[in-house]
Amino acid sequence: MKRTRTHLADGREILYYDTADTGDAATRAVPDSRPLAAGATASEVRRDPLLGDPVVIASHRQGRTHLPPAADCPLCPSTPDRASEVPAPDYEVAVFENRFPSLAGDTGRCEVVCFTPDHHASFADLDEERAALVLAAWTDRTAELSARPGVRQVYCFENRGAEIGVTLGHPHGQIYALPFVTPRTARMVDTVAAHRARTGGNLFEEVLAAERAAPAATTRVVLEGEHWSAFVPYAARWPYEVHLYPHHRVPDLPALGKAARAEFPRLYLELLRRFDRLFARPDPTPYVSAWHQAPAGAEREHFALHLELFTVRRTADKLKYLAGTESGMEAYMNDVRPEDAAARLREVASP
């Protein structure tokens, strides 16, 4: 992998990731000629006094770019007639600081990850080599951002589809370097710690082992390789939700072994392609793909890196909206039985 680091016109960092150290990689470091002034951010982290949950206040994001036409996409490569957020005329994978970050300065950092220069593609359209390069970029950014002072957790994720709420149609994800441990991760950490104190075991490992050992008639396993397993969780919150775990527990992406790293692209691309075949629609299935990595702290060694992938679509023509029980009370009501969702995801496997 070749990494080229340079800066945009307003001082933000941009990094280009290439599969090999070739002469083409050097052309990535072209100057950004746009007349950009340094952005003004006003991020603030507040704590809910009753729940203790962190809430980020980022009022400067009200003016961020919202669903521009393809001709004005800020994530496509720049051309002589149109300068974008990516000054280079081409790229493989590009990562840069968000122009409208939720977190910046002392409150953290937000980065955009462009998976491909092709505006009309998606992650599922990538080949295994490009998917491996994205994994290498996630890993590299996790290692670097985790070492920054004040960062408690690094979160790599992709939102796809207008139904999810994306504001840019170009295939991309984001990375947040958070100054706090997210509420969902904190609950996981507490539950795993309580289980260990009670039984001496690791709950992540036990959940994975139970899913892999379930009899064929009741299995929720969707896809299994030599080093990874994907399954619909027992208490899935979303109509179609899959968790992907490496068989050897590690805390984060930098700790992944070589064999697991090599197998991941094939399995992950297959999962995404199955999601796109779920509903027999011409448009791609909207989804959130979220890496759960260990936060900083004493419980880090007991955490298990895993990816959670889910869609808000429940049928070909119906979406799963968060109703009053979910939005108001965080009590989820799922319309699809997890075992049925797993069976459907096995049915749409690649030929």
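You'll find the structure just up there.
Residues numbered from 1 in each chain as written. Predicted model: local features only at pLDDT ≥ 70, side-chain atom pairs only at ≥ 80, totals over all residues. Heavy atoms only, no water.

**Q** Requested: an account of the overall build of the protein chain, with residues and values cited.
**A** Looking only at helices and strands, the protein chain has 7 helices and 15 strands in total. Taking 351 residues into account, the globule formula puts the C-alpha radius of gyration at 20 Å, and the protein chain, at 20 Å, falls close to it. When its C-alpha atoms are laid out on the principal axes, the protein chain stretches across 60 × 50 × 40 Å. Counting every position in the protein chain, which comprises 351 residues, the buried fraction comes to 51%. Contacts spanning at least 24 positions in sequence make up 63% of the contacts within the protein chain whose residues lie at least 6 apart. (Helix = DSSP H or I, 4+ residues; strand = E, 2+ residues; numbered from the N terminus. Rg over C-alpha atoms; globule rule 2.2 N^0.38 Å. Buried < 20%, exposed > 50% of the residue type's maximum accessible area, 1.4 Å probe, protein only. Contact = heavy atoms within 4.5 Å.)

**Q** Lay out the sheet that holds strand E1 (residues 2-7) in plain terms, naming residues and giving numbers.
**A** By way of backbone hydrogen bonds, the strands of a sheet pair with one another, either parallel or antiparallel. Taken in spatial order, the 11 strands of this open sheet run E1-E2-E5-E6-E8-E7-E12-E13-E11-E10-E9, and their pairing is antiparallel. Both edges of this open sheet fall to E1 and strand E9 (221-224), since each of them pairs with a single strand only. In this sheet, adjacent strand axes meet at a mean angle of 20° when their direction is disregarded. Here helix H2 (residues 128-146) sits on the sheet and contacts E1, strand E2 (13-18), strand E5 (93-97), strand E6 (109-114), strand E7 (153-160), strand E8 (172-178) and strand E12 (287-292); the angle it forms with E2, its principal contact strand, is near 140°. (Pairing = 2+ DSSP bridges. Axes fitted to C-alpha atoms, helices over the stretch in contact; angles between N-to-C directions.)

**Q** I'd love a proper account of the packing of helix H3 (residues 183-199) against helix H4 (residues 203-213), names of residues and values included.
**A** Taken N-terminus to C-terminus, the directions of H3 and H4 make an angle of 90°; their axes are 9 Å apart at the nearest point. When the axes of H3 and H4 are compared, the pair comes out roughly perpendicular. Where H3 abuts H4, its residues Met188, Thr191, Val192, His195 and Thr199 lie against Leu203, Phe204 and Glu206. Broken down by class, the residue content of the contact of H3 with H4 amounts to 4 nonpolar, 3 polar and 1 charged. (Parallel < 35°, antiparallel > 145°, perpendicular 65-115°, else oblique. Nonpolar A, V, L, I, M, F, W, Y, C, P; charged D, E, K, R; others polar.)

**Q** Go over unusual backbone geometry with me, naming the residues and quoting the values.
**A** You will see that alanine 280, though not glycine, has its phi angle at about 50°, which is positive. Within the fold, alanine 280 resides in the loop between helix H5 (258-277) and E12. Residue alanine 280 is classed as exposed on the basis of its relative accessible area, which comes to 74%. One non-glycine residue, glutamate 330, lies in the positive phi region at around 55°. Positionally, glutamate 330 belongs in the loop between helix H6 (324-329) and helix H7 (338-347). For glutamate 330, a relative accessible area of 52% translates into the label exposed.

**Q** Can you explain the packing of H2 against H5? Please cite residues and give values.
**A** Interaxial distance between H2 and H5 falls to 9 Å at its minimum, and their mutual angle equals 120°. Every pair of crossing elements has a handedness; the one defined by H2 and H5 is right-handed. Here H2 contributes Glu128, Ala131, Ala132, Leu135, Trp138 and Thr139 to the contact with H5, which in turn contributes Arg261, Phe264, Pro265, Arg266, Tyr268 and Leu269. Tallied by class, the residues present in the contact of H2 with H5 amount to 8 nonpolar, 1 polar and 3 charged. (Left-handed = near helix turned anticlockwise from the far one by under 90°.)

**Q** Now, about the pattern of salt bridges: what can you tell me, with residues and values included?
**A** Scanning the entire structure with this criterion turns up 33 salt bridges. Linking arginine 109 and glutamate 97 is a salt bridge whose minimum nitrogen-to-oxygen distance equals 3.6 Å. On the criterion of sequence distance, the pair formed by arginine 109 in strand E6 and glutamate 97 in strand E5 is long-range, its members being 12 residues apart. Taken as a pair, arginine 109 and glutamate 97 share a single burial class, namely buried. (Salt bridge = Lys/Arg side-chain N within 4 Å of Asp/Glu carboxyl O.)

**Q** Before we move on, can you summarise the nonpolar core with the specific residues and values?
**A** Core analysis: the largest hydrophobic core is formed by 53 residues, its most contacted members being Phe123, Trp138 and Trp291. In terms of residue count, H5 provides more of this core than any other element does, 8 residues in total. With near-sequence residues (within four places) excluded, tryptophan 291 lies in contact with Trp138, Tyr155, Cys156, Trp228, Leu253, Phe264, Leu305, His306 and Leu307. (Core = buried A, V, L, I, M, F, W, Y, C linked by side-chain atoms within 4.5 Å.)

**Q** Which residues make up H5, and what are the values?
**A** Along an α-helix, residues three or four apart share an orientation, since each turn contains 3.6 residues. Over its 20 residues, H5 extends 30 Å from the first C-alpha to the last, a length consistent with the 28 Å expected when each residue adds 1.5 Å. Of all the bends in H5, the greatest reaches close to 35° and is centred on phenylalanine 264; the proline proline 265 follows between one and four positions later. Within H5, the full set of buried residues consists of Ala260, Glu263, Phe264, Pro265, Leu267, Tyr268, Leu269, Glu270, Leu271, Leu272, Arg274 and Phe275. (Expected span 1.5 Å × (residues − 1). Bend = angle between axes of the 7 residues up to and from the residue.)

**Q** Tell me about H4, and name the residues and values.
**A** Taken residue by residue, H4 has Phe204, Leu208 and Glu211 as its buried positions. Viewed end-on, H4 has its buried residues packed into an arc of 65°, placing them on one side of the element. Check the buried side of H4 and you find it contacts H3, E9, strand E10 (228-231), strand E11 (240-246) and strand E13 (306-311). N-capping of H4 is provided by asparagine 202, with a side-chain oxygen placed 3.1 Å from the backbone N of phenylalanine 204. (Arc of directions from axis to C-beta. Polar contact = N/O pair within 3.5 Å; in protein donor to acceptor, adjacent residues only side chain to side chain.)

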